Amino acid sequence: MADIETTTVNEEKYHALSRAGEFELSIDATGGDGPTPNEVLVADYASCFSFACRAGANRRLDIDLGKIETSAEADLNDSDDLTGIRFHIYVEADLTDEEVDDVIELGEEICHVHDAVKESLHAGIELTPDAF
């Protein structure tokens, strides 16, 4: 049995309802009835990276980052394929430059989505400490 199982139903046009566990996600390639697949991927990557930064900071650096807000930007080519992703992460904690570098490095190491995307799509990352 697989570790993750999802079901996606596309009955017409370019809208699908996906079920992952007990949760349903509406995805629309045109962006009319839900986020596009690329928007879902970028949001998933940003979420996972935020969680990875928090986990790494807590477990390995003994730092509580407090509130984290991650702004993500992505570029598309003429075929609507992702060509670049950038994050700007704002954290509540007041960090030294070395701690900022360590948190980003741990995020890159721990984030499952970062590991899954091709290297050319690894996010460019900025982190602003003491942001709130």
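Residues numbered from 1 in each chain as written. Predicted model: local features only at pLDDT ≥ 70, side-chain atom pairs only at ≥ 80, totals over all residues. Heavy atoms only, no water.

1. Quick word on the side chain of Thr70
Looking at the element boundaries, Thr70 is found in strand E4 (residues 68–76). Separated by 2.6 Å, the side chains of Thr70 and Ser50 make a polar contact. (Helix = DSSP H or I, 4+ residues; strand = E, 2+ residues; numbered from the N terminus. Polar contact = N/O pair within 3.5 Å; in protein donor to acceptor, adjacent residues only side chain to side chain.)

2. A look at the pattern of salt bridges
According to the stated counting rule, one finds five salt bridges in the structure shown. Put simply, Glu24 and Arg19 hold a salt bridge, and the shortest N to O gap is 3.7 Å. With a relative accessible area of 52%, Glu24 lands in the exposed category. For Arg19, a relative accessible area of 38% translates into the label partly exposed. Where Arg60 meets Glu109, a salt bridge forms, and the shortest distance between an N and an O atom there is 2.5 Å. Of this pair, Arg60 sits in helix H1 (residues 37–61) while Glu109 sits in helix H2 (residues 97–110); the two residues are 49 residues apart in sequence, bridging distant segments of the chain. Judged by its relative accessible area of 48%, Glu109 falls in the partly exposed class. (Salt bridge = Lys/Arg side-chain N within 4 Å of Asp/Glu carboxyl O. Buried < 20%, exposed > 50% of the residue type's maximum accessible area, 1.4 Å probe, protein only.)

3. Overview of H1
Compared with the 36 Å implied by 1.5 Å per residue over 25 residues, the 35 Å span of H1 between its first and last C-alpha is a close match. Taken together, the buried positions of H1 are Val42, Tyr45, Ala46, Cys48, Phe49, Ser50, Ala52, Cys53, Ala55, Gly56 and Ala57. Residues of H1 that are buried make contact with E4, strand E5 (82–91), H2, helix H3 (112–116) and strand E6 (124–128). Just beyond H1, the residue with positive phi is Asp62, at close to 55°. (Expected span 1.5 Å × (residues − 1). Contact = heavy atoms within 4.5 Å.)

4. Some points on the sheet that holds E5
With respect to topology, three strands assemble into an open sheet ordered E4-E5-E6, the strand pairing being mixed. Looking along the sheet, the strands with just one partner apiece sit at the ends: E4 and E6. In this sheet, adjacent strand axes meet at a mean angle of 15° when their direction is disregarded. In the sheet, E4 pairs with E5 via nine bridges, with the strands oriented antiparallel. In the strand pairing of E5, Glu69 is matched with Tyr90. Strands in contact with H1 are E4, E5 and E6; relative to E5, the strand with the most contacts, it is inclined by about 40°. (Pairing = 2+ DSSP bridges. Axes fitted to C-alpha atoms, helices over the stretch in contact; angles between N-to-C directions.)

5. Considerations on the environment of Asp115
Mapped onto the elements of the fold, Asp115 is located in helix H3. Assessed through its relative accessible area of 67%, Asp115 is described here as exposed. Distance from Asp115 to Glu99, taken between C-alpha atoms, is 22 Å for residues 16 residues apart in sequence.

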